[in-house]
Amino acid sequence: METDREGRRATVSDDETQIRTLITRWADAVHRGDLDTVLAGHAEDLVMYDVPAPHEGIRGLAAYRACWPPFFAWQAQGARFDIDTLDVTAGRDVAYAHALLRCGTPRELAESPTLRLRLTFGLRKEHGRWLIAHEHHSFPHD
């Protein structure tokens, strides 16, 4: 059992555990530059709104695949991509999760140590398996 924000005992469902594992595995694969694992667990009709253009988002797994190589090249310069917090809420067939990540080069993180990348995931269960159908990545705008 875990404790919720009000200090009450809360149970974590098997679905929440599966989703947490899926997202944690995804973030680790992003950090390693492992494109096949980054793509695993995503729906074919995925929609993603990302920090860089296109600002109208991308649709479909092929477009999602194409957006990662430039990020991996940037990250290879020593950038971090580490989950700081992750919260999951799961229903029977749909779920959402939101996370804060340390994402930046050592210089960027030194200049803004509290800056976090904000992630939101929309998931759906298909044939007993959770799939990420929506991702939204953003940084606060000051």
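This text goes with the structure placed above it.
Keep in mind it's a predicted model, so treat the numbers as computed, not measured.

K.L.:
Quick question: what am I supposed to make of the side chain of Arg 116 here?
P.N.:
Here Arg 116 shows up in the loop between α4 (106-111) and β7 (117-126). Of the residues examined, Arg 116 reaches a relative accessible area of 13% and is grouped as buried. Among the polar contacts listed, one links the side chain of Arg 116 to the side chain of Asp 84, at a separation of 3.0 Å. Not counting residues within four places of it along the chain, the set of residues in contact with Arg 116 comprises Asp 84, Leu 100, Leu 101, Arg 102, Ser 138, Phe 139 and Pro 140.

K.L.:
Is there a simple way to think about the environment of Glu 126 in this case?
P.N.:
Following the sequence through the fold, Glu 126 ends up in strand β7. Linking Glu 126 and Ala 43, residues 83 residues apart in sequence, is a C-alpha distance of 9.3 Å.

K.L.:
Got a minute to help me understand the packing of aromatic side chains in this structure?
P.N.:
Given two aromatic rings, their pairing is described by the distance between the two centres and the angle made by the two planes. Evaluation of the coordinates by the stated rule reveals eight aromatic pairs. Centroid distance Trp 26 to Phe 81: 5.7 Å. Interplanar angle 70 degrees. Geometry classified as edge-to-face. On the criterion of sequence distance, the pair formed by Trp 26 in helix α1 (residues 14-32) and Phe 81 in strand β5 (residues 80-90) is long-range, its members being 55 residues apart. Trp 26 sits in the buried class, given a relative accessible area of 1%. On the basis of an interplanar angle of 45 degrees and a centroid distance of 5.3 Å, the ring pair of Phe 71 and Trp 74 is categorised as tilted. In this pair, Phe 71 and Trp 74 both sit in helix α3 (residues 61-75), three residues apart, roughly one turn of the helix. By relative accessible area, which is 24% here, Trp 74 ends up partly exposed. Three or more aromatic residues joined by ring pairs make a cluster, and in this case those are Trp 26, Tyr 64, Trp 68, Phe 71, Phe 72, Trp 74, Phe 81 and Phe 121.

K.L.:
Before we go on, may I ask you to explain the sheet that holds strand β4 (residues 58-59) in this structure?
P.N.:
Strand pairing in a sheet takes place through backbone hydrogen bonds and is either antiparallel or parallel in direction. A sheet is described by the order of its strands in space; here six strands give the open sequence β4-β3-β8-β7-β6-β5, paired in mixed fashion. The open sheet has two edge strands, β4 and β5, and neither has a second partner. Bridge count between strand β3 (residues 42-49) and β4: two bridges; the pairing is antiparallel. For Met 48, the partnering residue across the bridge sits in β4 and is Ile 58. Contacts from α1 reach β3, β5, β6 (94-104), β7 and β8 (129-138), with the element oriented near 160 degrees to β5. Contacts from α3 reach β3, β4, β5, β6 and β8, with the element oriented near 55 degrees to β3.

Calculation rules
Residues numbered from 1 in each chain as written. Predicted model: local features only at pLDDT ≥ 70, side-chain atom pairs only at ≥ 80, totals over all residues. Heavy atoms only, no water. Helix = DSSP H or I, 4+ residues; strand = E, 2+ residues; numbered from the N terminus. Buried < 20%, exposed > 50% of the residue type's maximum accessible area, 1.4 Å probe, protein only. Polar contact = N/O pair within 3.5 Å; in protein donor to acceptor, adjacent residues only side chain to side chain. Contact = heavy atoms within 4.5 Å. Phe/Tyr/Trp six-rings, centres within 6.5 Å; stacked < 30°, edge-to-face > 60°. Pairing = 2+ DSSP bridges. Axes fitted to C-alpha atoms, helices over the stretch in contact; angles between N-to-C directions.

Geometric descriptors of this kind do not, in isolation, establish any biological role.
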